[in-house]
Amino acid sequence: MISASDLTPAELAALLHFHADAGVDWLLEDQPVDRFAEFEAMRAARQGARAVQPRPEAPVSTTRVQPERRQAAKPAAPPAAPPPRATPAIPDEQVVEQARFAAESARSLAELKTAIEAFNGCNLKNSARSTIFASGTPEGRIMVIGPMPSADDDREGAPFAGRAGQLLDRMLTAIGLQRDAILLTNVIPWRPPGNRAPSPPEIEICRPFIERQIALAEPKAVLLLGNFTARHFFGGGETIHGLRGQWREISILGRTVPAIASLHPQELLTAPINKRLAWSDLLAFKNYIAAEILG
């Protein structure tokens, strides 16, 4: 077994990232436990108890029972229970329609939050701990959208938590914005297990909720963070490096909104060299806000 003291800081960080990507959210014990020693102790205790316990003697039969009688005296086996009936699955198209109806019925962000929390048509909700809705305020007419909740988001019940959220706060502060003065949200409201990518049906089920959220917030500028988010709204198969730094119009329920894409803070933590690209995008976002919203 390799001890943590035998690893370099880079190797230890890579190992922790591997466990986080595999879905390990937090430690279960404050102190290390030798499970092998525990197992051996339990096995020795069971063997000792088995050796001390007297074995019951079999009763001596004074009569010989004929095989036919023994067979006749054996109780009849109970009838086999019928196999459980499988619950019929709802086609994805119907679930999307249910999500669209629930989203369109909401007349405010508060009603939309209630609708999403009550919606059970997406299987991502079954494995997630929290339903992550927008935080902040729509009053500033500025919206920042990420891809899906992280393990920190799922644990704390808010978007952009943990180290990535702290970095985002510093990025926003650098261009004169504060978290509580804008609206922060994600495309997907539930964390996929193991941080896997959402499936196409899961994306389509969640689409009405994020579109309705944008329509109700009525932002004048949107910052899209990450590869998944940029592709979701811009379309195409380019990576974030081909989609970032360009102002585009996204169509949301018959209304166009200007949006620019940049790298997600988590990507900047993994590859700090890309911070210069993100800073260029943030300056473009700041200049647009100063000219079109604040000016």
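Since this is a predicted model, take the numbers as computed values, not measurements.

> Is there a simple way to think about the overall build of the chain in this case?
Counting its regular elements, the chain contains 13 helices and six strands. For the chain, buried positions account for 34% of its 295 residues. Partitioning the intrachain contacts of the chain with sequence separation of at least 6 by distance along the chain shows that 72% fall at a separation of at least 24. Put simply, the chain shows about 18,600 Å² of open surface, and 56% of that area lies on carbon and sulfur atoms.

> Is there a simple way to think about unusual backbone geometry in this case?
Only a minority of non-glycine residues have a phi that is not negative, and only a minority of peptide bonds are not trans. A positive phi angle, near 60°, is found at Arg-141, a position not held by glycine. Note on placement: Arg-141 falls in the loop between strand E1 (135-136) and strand E2 (142-146).

> Sorry, what's going on with the sheet that holds E2 here?
The pairing of strands in a sheet happens through backbone hydrogen bonds and is either parallel or antiparallel. Taking strand neighbours across the sheet as the criterion, the six strands line up as E1-E3-E2-E4-E6-E5 in an open arrangement whose pairing is mixed. The open sheet has two edge strands with one neighbour each: E1 and strand E5 (248-252).

> What is the right way to look at the pairing of E5 in this model?
Within a regular beta strand, the side chains point alternately toward one face of the sheet and then the other, so they alternate between its two faces. The pairing of E5 with strand E6 (residues 255-262) spans five bridges and is classified as antiparallel. Directly across from Glu-249, in E6, lies its bridge partner Pro-258. The turn linking E5 back onto E6 is made up of two residues, and Leu-253 within it adopts a positive phi angle of 50°.

> Teacher, can you tell me more about the environment of Leu-243 here?
In this fold, Leu-243 is placed in helix H11 (residues 240-243). Accessibility expressed as a relative area gives 1% for Leu-243, which makes it buried. Considered as a pair, Leu-243 and Asn-227 are 16 residues apart in the sequence and their alpha carbons are 8.2 Å apart. Those residues within four positions of Leu-243 in sequence are excluded, and the remaining contacts are Ala-230, Arg-231, Phe-234, Glu-238, Arg-248 and Ala-261.

> What's the story with the pairing of E2 in this structure? I'm lost.
Taking burial as the measure, the five residues of E2 include five buried ones, the bulk of the element. In the sheet, E2 pairs with strand E4 (residues 221-225) via four bridges, with the strands oriented parallel. Pairing of Ile-145 across the sheet is with Leu-224, part of E4. In terms of strand pairing, E2 meets strand E3 (residues 183-186) through four bridges, oriented parallel. Bridge pairing in E3 places Ile-145 opposite Thr-185.

> It is not clear to me how the nonpolar core should be interpreted in this structure. Could you clarify?
Ile-145, Phe-233, Phe-234 and Phe-285 are the most contacted members of the largest nonpolar core, which has 62 residues in total. In terms of residue count, helix H9 (residues 200-217) provides more of this core than any other element does, six residues in total. Leave out the neighbours within four places in its chain, and Phe-233 touches Ile-145, Val-187, Ile-210, Ile-214, Leu-224, Ile-250 and Ile-252.

> Just to check I follow, could you spell out the side chain of Lys-125 for this structure?
Residue position: Lys-125 is located in helix H6 (residues 124-127). This buried residue, Lys-125, is left without a salt bridge; Glu-117 holds the nearest opposite charge, at 7.9 Å. In this structure, Lys-125 is in contact with Ile-116, Glu-117, Ala-118, Phe-119, Asn-120, Thr-131 and Trp-190, ignoring residues within four places of it in sequence.

> Explain helix H5 (residues 109-118) here, please?
Each α-helix turn comprises 3.6 residues. Residues three or four places apart therefore point the same way. Along H5, the residues classified as buried are Leu-109, Leu-112, Ala-115 and Ile-116. Buried residues of H5 fall within an arc of 115° about the axis and therefore sit on the same side. Facing away from the buried surface of H5 by more than 90 degrees, the exposed residues are Ala-110, Thr-114 and Ala-118. For H5, the secondary structure elements touched by its buried residues are helix H4 (92-105), H6, E3 and H9.

> Looking at this structure, I do not really get the state of the cysteines. What am I missing?
Cysteine pairs can be linked by a disulfide, which is a covalent bond between their two sulfur atoms. One pass over the structure, following the stated rule, counts zero disulfides. Cysteine Cys-122 remains unbridged, with the sulfur of Cys-206 as its closest cysteine sulfur at 4.2 Å.

> Any chance you could explain the packing of aromatic side chains here in plain terms?
This structure, assessed with the given rule, holds three aromatic pairs. Measuring from centroid to centroid gives 6.0 Å for Trp-247 and Phe-285, while their planes differ by 15°, and the two rings are stacked. Placement of Trp-247 in the loop between H11 and E5 and of Phe-285 in helix H13 (residues 275-294) is noted, with a sequence separation of 38 residues between them. Exposure remark for Phe-285: the relative accessible area of 0% places this residue in the buried category.

> Explain the environment of Arg-207 here, please?
Relative to the elements of secondary structure, Arg-207 occurs in helix H9. Counting along the chain gives 108 residues from Arg-207 to Ala-99, while the straight-line C-alpha distance between them is 8.5 Å.

Reading the values: the criteria
Residues numbered from 1 in each chain as written. Predicted model: local features only at pLDDT ≥ 70, side-chain atom pairs only at ≥ 80, totals over all residues. Heavy atoms only, no water. Helix = DSSP H or I, 4+ residues; strand = E, 2+ residues; numbered from the N terminus. Buried < 20%, exposed > 50% of the residue type's maximum accessible area, 1.4 Å probe, protein only. Contact = heavy atoms within 4.5 Å. Areas by Shrake-Rupley, 256 points an atom, 1.4 Å probe, with all protein chains shown as cover. Pairing = 2+ DSSP bridges. Core = buried A, V, L, I, M, F, W, Y, C linked by side-chain atoms within 4.5 Å. Lys, Arg positive; Asp, Glu negative; His and termini not counted. Salt bridge = Lys/Arg side-chain N within 4 Å of Asp/Glu carboxyl O. Arc of directions from axis to C-beta. Disulfide = S-S within 2.5 Å. Phe/Tyr/Trp six-rings, centres within 6.5 Å; stacked < 30°, edge-to-face > 60°.

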